[in-house]
Each structure stands twice: as C-alpha cells, then as structure tokens.
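Each chain, letter by letter, is given below.
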Amino acid sequence: FPGWSMRSDGSIVIATGNDDALGVYACTPRNSYGTAGASRPTRVLLKDPPAFTVRPKEEYFQEVGRELVIPCMAHGDPPPTITWVKLGSAGKNGAHVDANSSLVLRPLAKEQHGIWQCVATNPVAHVSAATSVHVLGTSPHAVTNVSVLPLLLAANISWEPGFDGGYFQRFSVWYTPLVKQLPHHDWVSLAVPAGAQHLLVENLQPELSYQFSVLAQNKLGSGPFSQIVTSVPRGFPPTTVPPEPPAVTVRIFLSPPRALTANETARGVLLQWEPPGQLAVALGGYALELRQDKGAWEVLDRSIPGTETHVLVPGLIKDAFYEFRLVAFAGSYISDPSNTVNVSTAGMEVYPSRTQLPELLPQPVLAGLVGGICFLGVAVVFSAVAACVMNRRRAARLRKRRRGRSSVDP
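Residues numbered from 1 in each chain as written. Predicted model: local features only at pLDDT ≥ 70, side-chain atom pairs only at ≥ 80, totals over all residues. Heavy atoms only, no water.

An unreviewed UniProt entry lists the protein under the name TUTLA protein, with Crypturellus soui as the source organism.

Okay, here's the thing in structure tokens:
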C-alpha cells in the first residue's frame, strides 16, 4: 500500500493509519535454511485521539463572589477524560468539575484569577485548551518582572503591572538601605506618576546595597508587595587627575534631611526623619512644607528645632491627599528638599475635630481678622475716654449748682 515500508530489522511502518491498516498480522522470518514458522498473530486497531467539540473562550470576566461556569467537551476513541488545571498553582483553588466537564467556580475568589487549562486525555494522546479568568472587584494583583538598573547615585526601577481588579491602580516604590550597623531601618516610599511603569530613585549612597519593592493600590486597597530586588548604585569612577587645591574644592555644605516617613495616629500625622548626612556648620533647624491635592507648596512650620527628628501634624482635612517634605537650615545654607511622603485622610475613623490648619489661613482672611480685633480695641478705648469726660462734666455742673444755692441763702 502507499506509505507502507519495511525496515532492515523487519519492522513494518504504516505512515498513515486508515481502514487499510486494520486486520491481523504475523511475521515469518526466513534465511537460507528455511523458516521456523510465523510469529503469534497481532491485531491492528484504529483509535481516535481526543478532539474538542466545545472549547472555552479566550477570556472570561466576572465579579468576585459570583458564579462562573466555563464549558469544555471533547470526544475520541476511547472517550477522553476531562481535567482542569490552573497554571502556576497547585490544586484547583476551590473549583470543581460538573458532570458536563465544565469548570465551576462558585463563589469566584480573587485567587482564582489567572490562566486555566482544560485537558482531554485518552490512551492515544492528550490535547489542551487555555482560557484567562479575570476576577473583577478586588484589590490589585502583585506587579511582576521588577528590575533595577543601577545608575550614578541613583537607580531606575521598572516593572510589569498585575491585573488591576477592575479599577484604576497607582503604584509606589519602596526602598531601604542594607546597613548592618543599624538594627532597624524604615522603608521609604515614593509615589509613581499615574500611568508610569518605572521610577528614578535619586540621592542614594554609592557602593551601598539597597532593597526595592513595588506596591499597587486601587480604590479597594493595596495589593501584595512585589518580590524584593537588591541592587547597589554606582559611585563616581576613580580618577588619576590630582585633586584641586582646598581653596576651590567643591563641597556639599548641607545635604537634605533623610528618610522622611509618615505614620497616622489618633492625634494626627507623625512625621519622622533622620538629620542631614553632610553639613559644614551647626544645624539651625528645619522647615516643614505641605501641599494639598497637588497644589502649590506652602510652609507649614519654619521653626522646628535642629535637635528634633519628629513632628506631629494635627488638624488635616478629611478625605484629602497631602504631601510633606522637609528642608534644613544651617547658618546661611538651605538644603534641597527631602524625599516626599504622601498622606491620604480618606476613610479615617478618628481624627482631630479641627478641619484645617490655622497656619494655612488665607492672607486676606488673616488680615481682616487682625483689622477687626484692632478696631474693636480702639472702640473700647474711645468709649472709656468718652465716659470719663461725661462724668467730669456732670460733676462740674453739680458743684456749680451747690455754689449757687449757697450764695442765695441769707
């Protein structure tokens, strides 16, 4: 038959299995002395590999807590067995398969988001079909493929966003130095501009290891942190040029405050920081700057002592977004601003009763208030003087009447 052949070892090769190949076969070896007889007979049967009759769609979108049923059916000879697996996860995560081989997710959970695969298997072969399940109404999923590019005293962090849970998501980059001498070192967070998938972190110490992680947030909350990536920023390359004379050596007289962090308390927002790493003269103090909802920066407190490393900010407006930063003073020098920390007062259950900071009263309102107090004081003084004058006149009239009566009497 066409497509049939025999190998040198006596095996028969049937290139295309069809009805011509069905039947009973026996092999009879021969040489110059004859044959010892035929082998035991063997029967050739044709079986069909699995083939899908109903395939799952490429994607499914469903709200968390609802029911999601994904169909999958196949036929073959013998009939195949249908199984479902979630890629990258052990077990079915609470899913089960019904009598029609459909995948049933009830109730749908955030952990069931991802790629699911329907596998049809029989003794001939196995085939599979994949579908993507998107669970809506959840907090974001963790970002993936976080990478750090070390730069000169800086690092560029990039990542791939995870599923946003059906809502707009924002990102923040968290980092901390690995300093063995310090038993505890807080993480510093930097907000990422909307829509960006990378961030440049500057003002890092050279030749010092840093850990980086990325956090995603949407209106329902924060997702899990990404995996932690460790990197070492590059320092200035060594040079063979002799140093310049001290009279013209460029120095950094005052570096900015470091590691500014914000923690919400029942009394307000507690800001903490570390003093500048480099200063040429004694530290004079700090100034705290604030802006609300991406507005203009304003000075909130310009008289923080240089010995302080924390300050409590009470009386923020509820359901608002604030940014804080610090600058340091030393002699005639003013440092660059520190890192910016973000504070959102949305959904706070306990907070001071004041609705806004008195230092942030608009200038026209403040001027009107001072003018009114001054006018009230002048009015009080004028009333007192007028009362005194009237009392003196009344006393003078009484004395004159008494003299007149005395002169009339005989």
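For the protein, the helix and strand inventory stands at one helix and 29 strands. Every one of the 410 residues in the protein was classed for burial, and the buried ones make up 28%. Once local pairs closer than 6 in sequence are excluded, the contacts in the protein between residues at least 24 apart make up 60%. With an accessible surface of roughly 26200 Å², the protein has 57% of that area assigned to carbon and sulfur atoms. (Helix = DSSP H or I, 4+ residues; strand = E, 2+ residues; numbered from the N terminus. Buried < 20%, exposed > 50% of the residue type's maximum accessible area, 1.4 Å probe, protein only. Contact = heavy atoms within 4.5 Å. Areas by Shrake-Rupley, 256 points an atom, 1.4 Å probe, with all protein chains shown as cover.)

It is worth spelling out a positive patch on the surface at this point. A cluster of like positive charges, contributed by R393, R394, R397 and R401, occupies part of the molecular surface. Checked against the element boundaries, R397 lands in helix α1 (residues 363-408). (Patch = residues over 30% accessible without salt bridge, like charges linked within 9 Å, V, L, I, M, F, W, Y side chains within 5 Å. Salt bridge = Lys/Arg side-chain N within 4 Å of Asp/Glu carboxyl O. Lys, Arg positive; Asp, Glu negative; His and termini not counted. Charge placed at Lys NZ, Arg CZ, Asp CG, Glu CD.)

Moving on, we get to the pairing of strand β19 (residues 210-218). With seven of nine residues buried, β19 lies mostly within the body of the structure. Sheet topology note: the strand β16 (residues 170-177)/β19 ladder contains eight bridges and is antiparallel. Pairing of S172 across the sheet is with L215, part of β19. Here three bridges tie β19 to strand β21 (residues 229-231), and the two strands are oriented antiparallel to one another. Across the sheet, residue F212 finds its bridge partner in β21, namely V229. Direction of pairing for β19 relative to strand β20 (residues 221-222): antiparallel, over a ladder of two bridges. Counted as the bridge partner of N218 is G221 from β20. Connecting β19 to the antiparallel partner β20 that follows it, the hairpin turn spans two residues. (Pairing = 2+ DSSP bridges.)

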